[in-house]
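One-letter residues, chain by chain:
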Amino acid sequence: MFSLKIFYYLREANVDYTIMKQINVDYFQMDDLLSEEHKLVRRAVRDFVRSEIKPVIEDAAQAHQAIEGLMPKLGAIGALGPYIPVEYGGAGLDQISYGLIMQELEAGDSAVRSAASVQSSLVMYPIYTYGSEEQRRKYLPGLASGELVGSFGLTEPNHGSDPGGMETRLTASNGGFLLNGAKMWITNSPVCDLAVVWARDEAGKVRGVIVERGMDGFETPETLHKWSLRASKTGELVFHDVFIPAENVLPEVNSMRGPLSCLNSARYGISWGVIGAAIDCYETAVQYALERQQFDRPIGGFQLQQKKLAEFLTEITKAQLLSWRLGLLKNEGKATPQQISMAKRNNVHMALQIARESRQILGGMGIVGDFPIMRHMMNLESVITYEGTHDIHLLITGQDITGLNAFSS
């Protein structure tokens, strides 16, 4: 059953679609593959983005500021932890619904999708999957509502693509552990109420711990002067002898399987999310090509522009089918990390190329905030790097093909 949050939002929404030209992005009739629940979820989030995000996102990005009150708004429509069971505050939806939510949020902005993705896949997922029942009851309902904001600490100043080399350490102390180290490039860090942090214990095991704001020695400096994800709060997590009570340690995992499984969930969401950014660029480019007159006719009538638009729609369609099939595999518990890497890599590259070429269709107008394309392009330059770089995902697939590890000698 779909979330009541989504139903009530949809009932109250009053979005006028008639002012927008309808541009078909469902070229292979993918809607026939979706349930009515899927379509309802998509429509609710699309309405939310059109009414709450698009009117303010350009100003937020230009000002390098997060959208005010974003997390409670996302919680109110069931977009945080949508696949978490209802008993813990989630919406109890399937993986296709989660993907569609990410798609619609990123059509608004990658920063919005990133906030929801981190909260859902990198914070709520590990607490639900590896946490104790007490931890689930304590944290998940507040995270689902957006009352609590979470962040995820894995990447370090000296370890990005090689998380296994992490230097952040846990040492035993009376009734718990002392945490020392630092994480960087952390979404939501400056505003988080808690962070799921991965560190090595004295036995060399990778453990997940829940660090709460206000713990002595825990700092979250903000990263400024970004050209990308400017409507997202990014920062560091710094730990100086932070005491972690034993009850804040995730009990069900003690290896790299923990953080990597979180990344698999997030990467899957990204594979859907970037389709939304690509569609927003595509629709903008089509509309502009039909309206912009040069040489006494719309530029959409020229072969070069038609070639670009046809290629855009082809690549979007391929990405839609890839993520849809991956979603079915995830619903069945059959999706592999390698399949997820392929989808993330392919779809982000697709979206970035469409953003770049769409910018050219708009010419000089493509660089100004009256249109979303340059903002999407800058955001996607980060998305193609985080949650595994473009090249790393290629090597993951290559290793799966050959059985040979290209990461180490």
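The name given to the chain in an unreviewed UniProt entry is glutaryl-CoA dehydrogenase (ETF), with Sphingobacterium detergens as the source organism. As stated in UniProt under Sequence similarities (unreviewed entry), the record for the chain gives "Belongs to the acyl-CoA dehydrogenase family." Quoted straight from UniProt, the Cofactor (unreviewed entry) entry for the chain says "FAD".

Spacing of three or four residues puts side chains on the same side of an α-helix, whose turn is 3.6 residues. Here helix H5 (residues 110–130) spans 28 Å end to end across 21 residues, near enough to the 30 Å set by a 1.5 Å rise per residue. Its axis deflected by about 35° at Met 124, H5 carries its strongest bend there, up to four residues before the proline Pro 126. Its side-chain oxygen 2.9 Å from the backbone nitrogen of Ala 111, Asp 109 forms the N-cap of H5.

Our focus in this paragraph is the environment of Asn 264. Here Asn 264 lies in helix H7 (residues 257–291). Non-local contacts of Asn 264, meaning those with residues more than four positions away in its chain, are made with Pro 337 and Ile 340.

A positive phi angle is found at His 64, which is not glycine, with a value near 60°. Note that His 64 resides in the loop between helix H2 (36–63) and helix H3 (70–76). A relative accessible area of 16% means that His 64 is categorised as buried.

This paragraph deals with the pattern of salt bridges. This structure, assessed with the given rule, holds 21 salt bridges. One salt bridge connects Glu 104 with Arg 46, and the closest N-O pair in it is separated by 2.9 Å. Within this pair, whereas Glu 104 is found in helix H4 (residues 95–108), its partner Arg 46 is found in helix H2, the two being separated by 58 residues in sequence. Among the salt bridges present, the one from Arg 137 reaches Glu 133, with a minimum N-O distance of 2.8 Å. Remark: Glu 133 and Arg 137 occur in helix H6 (residues 133–145); sequence separation between them is four residues, near one turn of the helix. Classification of Glu 133 as partly exposed rests on a relative accessible area of 29%. Among the ionic contacts, a cluster of salt bridges with common partners joins Glu 87, Glu 133, Arg 136 and Arg 137.

What follows concerns the domain arrangement of the chain. Examined at the domain level, the chain breaks down into domain 1 (20–145), domain 2 (150–256) and domain 3 (257–402). Each of domain 1 and domain 2 has a C-alpha centre, and the two are 24 Å apart. Each partner contributes to the interface: domain 1 provides 29 residues, whereas domain 2 provides 26 residues. A combined buried area of about 2000 Å² lies between domain 1 and domain 2, and 66% of that area is made up of carbon and sulfur atoms. Three residues stand out in domain 1 for area buried against domain 2, namely His 64, Tyr 130 and Tyr 139, and they jointly supply 32% of the buried area on that side. Taken together, domain 1 and domain 2 are joined by one salt bridge. As a salt-bridge pair, Lys 138 and Glu 212 come within 3.4 Å of each other at their nearest N and O atoms. Elements with a contribution of two residues or more to the side of domain 1 that touches domain 2: H2, H5 and H6.

Once that is clear, we can look at the packing of H4 against H5. Axis separation between H4 and H5 bottoms out at 7 Å; the angle between their running directions is 150°. One element, H4, and the other, H5, form an angle in the roughly antiparallel class. Each of Tyr 98, Met 102, Leu 105 and Glu 106 in H4 lies in contact with H5, whose residues at this interface are Ser 110, Val 112, Arg 113, Ala 116, Ser 117, Ser 120 and Ser 121.

The next subject is a nonpolar patch on the surface. A contiguous nonpolar patch, built from Tyr 27, Phe 28, Leu 33 and Leu 321 and spanning about 420 Å² of accessible area, is present on the exposed surface. Locating Tyr 27 in the fold gives a position in the loop between helix H1 (4–12) and H2. Owing to a relative accessible area of 54%, Tyr 27 belongs among the exposed residues under this scheme.

Parameters at a glance
- Residues numbered from 1 in each chain as written.
- Predicted model: local features only at pLDDT ≥ 70, side-chain atom pairs only at ≥ 80, totals over all residues.
- Heavy atoms only, no water.
- UniProt positions renumbered as here; feature names shortened; annotations may be inferred.
- Helix = DSSP H or I, 4+ residues; strand = E, 2+ residues; numbered from the N terminus.
- Expected span 1.5 Å × (residues − 1).
- Bend = angle between axes of the 7 residues up to and from the residue.
- Polar contact = N/O pair within 3.5 Å; in protein donor to acceptor, adjacent residues only side chain to side chain.
- Contact = heavy atoms within 4.5 Å.
- Buried < 20%, exposed > 50% of the residue type's maximum accessible area, 1.4 Å probe, protein only.
- Salt bridge = Lys/Arg side-chain N within 4 Å of Asp/Glu carboxyl O.
- Domains from an automatic or database assignment.
- Buried area = accessible area lost by both parts, 1.4 Å probe.
- Axes fitted to C-alpha atoms, helices over the stretch in contact; angles between N-to-C directions.
- Parallel < 35°, antiparallel > 145°, perpendicular 65-115°, else oblique.
- Patch = residues over 30% accessible without salt bridge, like charges linked within 9 Å, V, L, I, M, F, W, Y side chains within 5 Å.
- Areas by Shrake-Rupley, 256 points an atom, 1.4 Å probe, with all protein chains shown as cover.

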